[in-house]
Amino acid sequence: MRILVTGRDGQVARSLVAKAAQKADIEILCIGRPEFDLAQRQTIIDAVAEAEPDVIVSAAAYTAVDQAEDEPSLAFEINAHGAEAVASAAQRCGVPVVHLSTDYVFSGDSDEPYTEEDEPAPGCVYGRSKLQGEKLVAAANPKHVILRTAWVYSPFGKNFVKTMLGLAGQRESISVVADQIGNPTSALDIADAILCVIDRMGAAQEADLYGLYHLAGTGDASWSTFAQTIFSTSRECGGPTARVIDIPSDDFPTKARRPPNSRLSSLKFERNFGYSLPHWRLSLAEVVQQLVRSTG
Ligand SMILES: NC(=O)C1=CN([C@@H]2O[C@H](COP(=O)(O)OP(=O)(O)OC[C@H]3O[C@@H](n4cnc5c(N)ncnc54)[C@H](O)[C@@H]3O)[C@@H](O)[C@H]2O)C=CC1
């Protein structure tokens, strides 16, 4: 089984490489710029044709949420049209695409966890570009699994956990937003779930597994609770720690509006794939321990 993954250095891509290394019969091929550029359609067509994959995981994206407010055309070119080109290339090879999307497709104004039935209403350019990407991917390739995830962290790349641990080494206290809630999600768990999806799609004769799913860590938290848990875990294993000061979102203005509630219900994924992600606290402990050990 050859899995082509877009975005060589991304958190999900690197987590897939790490997880696939533990499995026999899986070859992971990661592609990235310059030879594969989501803003250069021909590079996508050429890279996919050359790889001859059995499935494509479309994980690369324009993920600079605030910057996207200043360069909306580039965000749409990459997240919408680039994603569509990947799905089309997969379709031409006759293979499925597993595409990653985001909780930012929702306004976050609901009090409940969002389901796949809820109407998206993105409040920022990044969310709008990803939503258009979802629609174009679904139209381009009927063999698609679109996974909306949220609040992704991992031992790799840039993320909230690494930022917090870095700041803890420099400051005694850190102000963190307490009125936005979501589901912290380890990219390593997303990678496990993607490998499960690919396994199930290979085994299933019917197309009934294709579609749109929410997939996020079990349990929810505010950014402040997330930060406090990062620091308590780090302290327990001898790493840096800091005191968290709760602040409202209004005291931490960002260019792009964030959803106040971006909790996702992963029940459809659990039902169809018989698989759920671990509680975020369990997965967080593993990643924090790994990060503290690697810098200690
Ligand atoms: N990081 C997060 O908190 C969340 C991420 N997601 C989605 O999950 C997916 C994976 O996210 P991460 O692994 O965290 O992303 P990441 O930011 O760690 O990696 C993105 C990758 O895309 C590549 N990339 C950017 N522009 C490109 C272009 N023009 N051509 C080719 N490659 C390009 C980057 O070089 C990088 O390797 C993305 O689709 C993202 O939108 C969804 C919800 C939350």
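As a convention, each chain's residues are numbered from 1 in the sequence order in which they are written. For a predicted model such as this one, the threshold for reporting local features is a pLDDT of at least 70, and the threshold for listing and counting side-chain atom pairs is 80 or more; totals across whole chains, interfaces and linings nevertheless cover every residue. To obtain the side-chain values, all non-hydrogen atoms of the structure were used and water was disregarded.

We apply this condition: UniProt positions are given in the numbering used here, feature names are shortened, and annotations may be inferred rather than shown by experiment.
The name an unreviewed UniProt entry gives the protein is dTDP-4-dehydrorhamnose reductase, with Nitratireductor aestuarii as the organism. On record in UniProt, under Function (unreviewed entry), the comment for the protein is "Catalyzes the reduction of dTDP-6-deoxy-L-lyxo-4-hexulose to yield dTDP-L-rhamnose." According to the UniProt record, the Pathway (unreviewed entry) comment for the protein is "Carbohydrate biosynthesis; dTDP-L-rhamnose biosynthesis."

**A look at the pattern of salt bridges**
Selection criterion: For salt bridges, the criterion is a side-chain nitrogen of Lys or Arg within 4 Å of an Asp or Glu carboxyl oxygen. Secondary structure elements are defined from DSSP: runs of H or I of at least 4 residues count as helices, runs of E of at least 2 residues count as strands, and each element is numbered from the N terminus. Each residue is assigned to one of three classes by its accessible area relative to the maximum for its type, calculated with a 1.4 Å probe on protein chains only: buried under 20%, partly exposed between the two thresholds, exposed over 50%.
In total, this model carries 9 salt bridges according to the counting rule given. Of the charged contacts, one joins glutamate 27 and arginine 2 as a salt bridge, the two residues approaching to 3.1 Å between their closest N and O atoms. Of this pair, glutamate 27 sits in strand E2 (residues 27-31) while arginine 2 sits in strand E1 (residues 2-6), and the two are 25 residues apart along the sequence. On the basis of relative accessibility, which here comes to 38%, the residue glutamate 27 falls in the partly exposed class. The salt bridge involving glutamate 134 is made with arginine 148; its shortest N-O contact spans 2.7 Å. One end of the pair, glutamate 134, is in helix H4 (residues 125-140); the other, arginine 148, is in strand E5 (residues 144-149), with 14 residues separating them in the sequence. An identical accessibility class is assigned to glutamate 134 and arginine 148; each is buried.

**Quick word on the sheet that holds E1**
The strands that make up a sheet pair up through hydrogen bonds in the backbone, lying either parallel or antiparallel. Which entries qualify depends on this criterion: Here, a strand pair is defined by DSSP locating no fewer than two bridges between the strands. Orientation is described by axes fitted as lines to C-alpha atoms, over the contacting stretch for helices, and by angles from 0 to 180 degrees between their N-to-C directions. In this analysis, two residues are considered to be in contact whenever any of their non-hydrogen atoms come within 4.5 Å of each other.
What the 6 strands build is an open sheet, ordered E2-E1-E3-E4-E5-E10; its pairing is parallel. Edge positions in the sheet fall to E2 and strand E10 (211-214), since each has one partner strand and no second. Between one strand axis and the next, the sheet turns by 20° as a mean value, whatever way the strands run. Pairing geometry for E1 and E2, over 5 bridges, is parallel. Bridge assignment links threonine 6 to a residue of E2, and that residue is isoleucine 31. In this fold helix H1 (residues 11-20) packs onto E1, E2 and strand E3 (55-58), with an angle of close to 160° to the strand it touches most, E2. Strands in contact with helix H2 (residues 41-51) are E1, E2 and E3; relative to E1, the strand with the most contacts, it is inclined by about 160°.

**So, the site of the ligand**
Test applied: For each residue, the test is whether any non-hydrogen atom lies within 4 Å of the molecule or strand; if one does, the residue is near. Under this definition, polar contacts are N or O atom pairs within 3.5 Å; protein pairs additionally need one hydrogen-donor-capable and one acceptor-capable atom, and for neighbouring residues in sequence, both atoms have to be side-chain atoms. In this description, accessible areas are obtained by the Shrake-Rupley approach with a 1.4 Å probe, and a residue is regarded as covered only by the protein chains that are shown. Asp, Glu, Lys and Arg are counted as charged, while Ala, Val, Leu, Ile, Met, Phe, Trp, Tyr, Cys and Pro are counted as nonpolar; the rest, among them Gly, fall into the polar class.
Neighbouring the ligand are 24 residues; Asp37, Leu38, Thr63, Tyr126 and Lys130 lie closest to it. Contact between the ligand and glycine 10: an oxygen atom at 3.1 Å from a main-chain N or O atom of the residue. Contact distances for the ligand include 3.5 Å between an oxygen atom and a backbone N or O atom of leucine 100. Expressed as a share of its isolated accessible area of 840 Å², the protein-covered part of the ligand is 85%. Every element with two or more residues in the shell around the ligand is listed here: H1, strand E4 (97-102) and H4. Of all the elements, E4 adds the most residues to the shell around the ligand, at 3 residues. Residue composition of the shell around the ligand, by class: 13 nonpolar, 7 polar and 4 charged.

**Side note on the nonpolar core**
To keep it simple, the criterion reads: By convention a nonpolar core is built from buried Ala, Val, Leu, Ile, Met, Phe, Trp, Tyr and Cys residues, the set being connected through side-chain atoms within 4.5 Å.
With 35 residues, the main nonpolar core has Val161, Met164, Phe226, Ile230 and Phe231 as its most contacted residues. Elements supplying a minimum of two residues to this core: helix H5 (160-168), strand E7 (173-177), helix H7 (223-236), strand E12 (243-247) and helix H9 (280-295). In this structure isoleucine 230 touches Phe160, Val161, Met164, Leu165, Leu284 and Val288, once residues within four positions along its chain are discounted.

**Remarks on unusual backbone geometry**
Along the chain, arginine 33 connects to proline 34 via a cis peptide bond; the corresponding omega equals 5°. Within the fold, proline 34 resides in the loop between E2 and H2. The residue aspartate 25 is not glycine, and still its phi comes out positive at about 70°. Position of aspartate 25 among the secondary structure elements: in the loop between H1 and E2. Judged by relative accessible area, aspartate 25 falls into the exposed class, the value being 68%.

**Considering the packing of H7 against H9**
Each pair of packed helices can be described by the angle between their axes along with the distance between the axes. The line we're drawing: Any angle between 65 and 115 degrees counts as roughly perpendicular, while under 35 counts as roughly parallel, over 145 as roughly antiparallel, and the rest as oblique. If you view the pair so one helix is near and one far, a crossing is left-handed when the near helix is turned anticlockwise from the far one by less than a right angle, and right-handed when it is turned clockwise.
One can describe the packing of H7 onto H9 by two numbers: an axis separation of 9 Å at closest approach and a directional angle of 50°. On the basis of their axis angle, the class for H7 and H9 is oblique. The element H7 and its partner H9 pack so that their crossing is right-handed. Where H7 abuts H9, its residues Thr225, Phe226, Thr229, Ile230, Thr233 and Ser234 lie against Trp280, Arg281, Leu284, Ala285, Val288 and Val292.

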